[in-house]
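Structure assessment
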Amino acid sequence: MNLSDLRRDFGQQNERLIWPENPFPLFEKWLNDAIEKPVQEANALILSTVGKDLKPSSRVVLLKEFSEAEGFVFYTDYNSHKGQDLKNNPYAAIIFYWNLLERQIRIEGKVGKISRKRSKAYFNSRPLESRLSAYVSPQSQPIESLENLQQLREDLINSEQEITCPEHWGGYALFPSKIEFWQGGANRLHHRMEYTQTGDKWMKQMLAP
Ligand SMILES: Cc1cc2nc3c(=O)[nH]c(=O)nc-3n(C[C@H](O)[C@H](O)[C@H](O)COP(=O)(O)O)c2cc1C
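Residues numbered from 1 in each chain as written. Predicted model: local features only at pLDDT ≥ 70, side-chain atom pairs only at ≥ 80, totals over all residues.

1. Description of the site of the ligand
Quick reminder of the rule: Only the C-beta atom matters for nearness: placed from the backbone, it must lie within 6 Å of the molecule or strand for the residue to count as near. Strands here mean DSSP runs of E at least two residues long; helices mean DSSP runs of H or I at least four residues long; both are numbered from the N terminus.
Looking at the ligand, there are 16 residues lining it, with Arg-59, Thr-76, Ser-80, His-81 and Ser-140 nearest. Ranked by residues supplied to the shell around the ligand, first place goes to strand S2 (residues 56-62) with 5 residues.

Encoded structure:
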């Protein structure tokens with residue numbers, strides 16, 4: 001394998017780029033373009049957090065809702081590694097990368113828990129299989145084997161207990177202070193537009209690739 005020979009020419013997307021004043025409609029358009037392409041798991045994002053030890057840590061989660069008022073929402077276990085990090089340091093960065101569209105969006109901001117009511121409503125909308133796993137899996141904790149968790153799932157099914165949203169499970173919303181759009185360009189001259197929030201407005205500036 002020779003990784004140094006692996007390269008591709010960008011700039012295959014010919015769509016004329018228009019940069020609106022507000023980044024949210026553009027985010028929505030790019031996400032829609034990815035869904036329609038179709039890019040698999042177009043709503044997958046990489047979330048980076050930094051906890052008490054100041055060491056960054058990244059993982060994939062799924063975007064479930066977004067708006068300027070409500071932020072970028074994902075769901076997880078509040079006791080997980082990312083949950084611990086966010087408890088100690090609410091600042092995080094997320095990235096979407098849509099390979100087929102030669103596009104990346106980088107977002108930075110502050111994260112907070114969404115309301116219990118919304119978390120419960122989303123939890124109850126999930127298929128039983130997903131709810132059971134969230135219930136029995138102490139996310140990010142060391143375990144002996146998956147069989148133990150499978151057994152716990154079965155016990156739970158047999159008990160006919162109602163599977164309600166656990167206290168330690170719910171949504172987070174990231175409220176962005178920066179959003180950067182990257183579109184692959186010819187000859188490595190890629191397009192980068194960075195939006196920075198200043199008060200209730202967004203300031204935009206182009207960045208060198
Ligand atoms: C495509 C994909 C989607 C995922 N979606 C989620 C998700 O929405 N929420 C979640 O907690 N973990 C999700 N995961 C698992 C996380 O990447 C990660 O393994 C888990 O959240 C534990 O991370 P942590 O130990 O850093 O907290 C997903 C993984 C992949 C590959």
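On we go from here.
2. Things to note about the packing of helix H4 (residues 128-136) against helix H5 (residues 146-159)
Under the convention used in this document: To define axes, lines are fitted to C-alpha atoms, for helices over the stretch in contact only, and angles between the resulting N-to-C directions are given on a 0 to 180 degree scale. It is the rotation of the near helix from the far one that decides the hand of a crossing: anticlockwise by less than a right angle makes it left-handed, clockwise makes it right-handed. Two residues form a contact once the distance between their C-beta atoms, set from the backbone, is within 7 Å. Each residue gets one of three labels, nonpolar for Ala, Val, Leu, Ile, Met, Phe, Trp, Tyr, Cys and Pro, charged for Asp, Glu, Lys and Arg, and polar for the others, Gly among them.
Viewed as axis vectors pointing N to C, H4 and H5 meet at an angle of 120 degrees, and their least axial separation amounts to 9 Å. Crossing handedness for the pair H4 and H5: right-handed. Where H4 approaches H5, its residues Leu-132, Tyr-135 and Val-136 are matched on the opposing element by Leu-149, Leu-152, Arg-153 and Leu-156. When the residues that make up the contact of H4 with H5 are grouped by side-chain class, the tally is 6 nonpolar, no polar and 1 charged.

3. Some words on unusual backbone geometry
In this structure, the amide linkage connecting Lys-37 to the following residue, Pro-38, adopts the cis form with an omega of 0 degrees. With respect to the secondary-structure elements, Pro-38 resides in the loop between helix H1 (23-36) and strand S1 (44-50).

4. Details of the nonpolar core
The nonpolar side chains of a soluble globular protein tend to be buried with one another. In plain terms, the rule: Any nonpolar core is a set of buried residues, restricted to Ala, Val, Leu, Ile, Met, Phe, Trp, Tyr and Cys, that join up through C-beta atoms within 7 Å. Comment: burial labels come from other C-beta atoms within 10 Å of the residue's own C-beta, placed from the backbone, where a count of 20 or more is buried, 12 or fewer is exposed, and between is partly exposed.
Grouped together as the largest cluster of nonpolar side chains are 24 residues, with contacts concentrated most on Ile-94, Ile-105 and Leu-174. Taken together, the elements giving at least two residues each to this core come down to H1, S1, strand S4 (71-77), strand S5 (91-98), strand S6 (103-113) and strand S7 (169-183). Of all the elements, S7 adds the most residues to this core, at 6 residues. The contact partners of Leu-174, leaving out residues within four places of it in the chain, are Gly-71, Phe-72, Ala-92, Ile-94, Ile-107, Gly-109 and Val-111.

5. Some remarks on the pairing of S4
Condition: Think of it this way: DSSP has to see at least two bridges between two strands before they count as a pair.
The element S4 is extensively covered by neighbouring structure, given that 5 of its 7 residues are classed as buried. Here strand S3 (residues 65-67) pairs with S4 via 3 bridges, running antiparallel. By the bridge assignment for S4, Phe-66 is matched with Phe-72. Linking two consecutive strands that pair antiparallel, namely S3 and S4, is a turn of 3 residues. Two strands pair when backbone bridges link them, and S4 and S7 are joined in this way by 6 bridges, in the antiparallel orientation. Note that in S7 the partner of Val-73 across the bridge is Ala-173.

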